[in-house]
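Descriptive structure summary
Residues per chain, in single letters:
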Amino acid sequence: MSKKEKSVQELSEECMALQKSKQTLLLSTLNREGDPEISYAPYYRDEKGAFHLFISELASHTKNLKSHSRASIMFIADEEQSQNQFARERLIYQCDAVEVSRESADYQPILDAMENKFGNIMAMLRTLNDFHLFCLQPTSGSYVVGFGRAYEVDPATGMLEQITEEKLKSR
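Note that the coordinates shown come from a computational prediction; the quantities given were computed from them, not determined experimentally. (Residues numbered from 1 in each chain as written. Predicted model: local features only at pLDDT ≥ 70, side-chain atom pairs only at ≥ 80, totals over all residues. Heavy atoms only, no water.)

**A closer look at the overall build of the protein chain**
Along its length, the protein chain carries five helices and nine strands. Its helices and strands taken in sequence order, the protein chain reads α-β-β-β-β-α-β-β-α-α-β-β-β-α from the N to the C terminus. Principal-axis analysis of the C-alpha atoms places the extent of the protein chain at approximately 50 × 35 × 30 Å. Here the protein chain, with 171 residues, has 42% of them falling under the buried criterion. The contacts in the protein chain between residues at least 6 apart in sequence include a share of 61% that link residues at least 24 apart. Per element, the accessible surface of the protein chain, about 9900 Å² overall, is 52% carbon and sulfur. (Helix = DSSP H or I, 4+ residues; strand = E, 2+ residues; numbered from the N terminus. Buried < 20%, exposed > 50% of the residue type's maximum accessible area, 1.4 Å probe, protein only. Contact = heavy atoms within 4.5 Å. Areas by Shrake-Rupley, 256 points an atom, 1.4 Å probe, with all protein chains shown as cover.)

Structure, rendered in structure tokens:
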């Protein structure tokens, strides 16, 4: 069965599988001048669907998130696994970003979860004062599985709705 023939439910499951197959995400932020910058970061996604990043203030994306509370993240299929490089499978979320204070009740449990996911490196990073914890809450999303196969993603449920030509015209 081709991706064109798959049900929306099957595509929704594949969309979530793409995200879960990656330990890092591509991160687009805006610098102080408003110029876009792209980078990547390891992430932990909690049960409410928020993405958490523990990143150094030496990295430009940390400074950018402190200056601008909006970010975009992307998960994309590997080139080797893609039949067409112009239509690679990808999941993109627009997010609101907030720094999680070290005094927050959520801070230690999130870092514990990240340590469970990433191992001993997190135990060492936790001791460094230049690392900051950010929570990226998706506000909207899109999933592309090929030419003419684009979907809006509900960040809360993961459900998909196809983006049609009529829908694009009504925006």
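**Some thoughts on the nonpolar core**
In this structure, Ile73, Leu91, Leu136 and Tyr143 are the most contacted members of the largest nonpolar core, which totals 27 residues. Those elements that place two or more of their residues in this core are α1 (8-20), β1 (24-30), β4 (51-56), β5 (70-76), β6 (90-100), β7 (131-144) and β8 (150-153). Excluding residues within four positions of it along the chain, Leu136 makes contact with Leu27, Ala50, Phe51, Leu53, Ala71, Ile73, Cys95, Asp96 and Ala97. Ile110, Ala113, Leu125 and Cys135 belong to the second-largest nonpolar core, a separate cluster that totals 14 residues. (Core = buried A, V, L, I, M, F, W, Y, C linked by side-chain atoms within 4.5 Å.)

**Some thoughts on the environment of Phe147**
Counting through the fold element by element, Phe147 comes out in the loop between β7 and β8. On the accessibility criterion, Phe147 (56% relative accessible area) is exposed. It is 6.0 Å that separates the C-alpha atoms of Phe147 and Ala87, two residues lying 60 residues apart in sequence. Setting aside chain neighbours within four positions, we find Phe147 in contact with Asn84, Phe86 and Ala87.

**Re the packing of aromatic side chains**
Applying the stated criterion to the full structure yields five aromatic pairs. Geometrically, the ring pair formed by Phe54 and Phe131 is tilted, given 5.3 Å between the ring centres and 40 degrees between the ring planes. One end of the pair, Phe54, is in strand β4; the other, Phe131, is in strand β7, and 77 residues separate them in sequence. Given a relative accessible area of 6%, Phe54 falls into the buried group. Classification of Phe131 by relative accessible area gives buried; the value is 13%. Note that Lys117 overlies the ring of Tyr43, its terminal NZ or CZ placed 4.0 Å from the centroid. (Phe/Tyr/Trp six-rings, centres within 6.5 Å; stacked < 30°, edge-to-face > 60°. Lys NZ or Arg CZ within 6 Å of the ring centre and 35° of its normal.)

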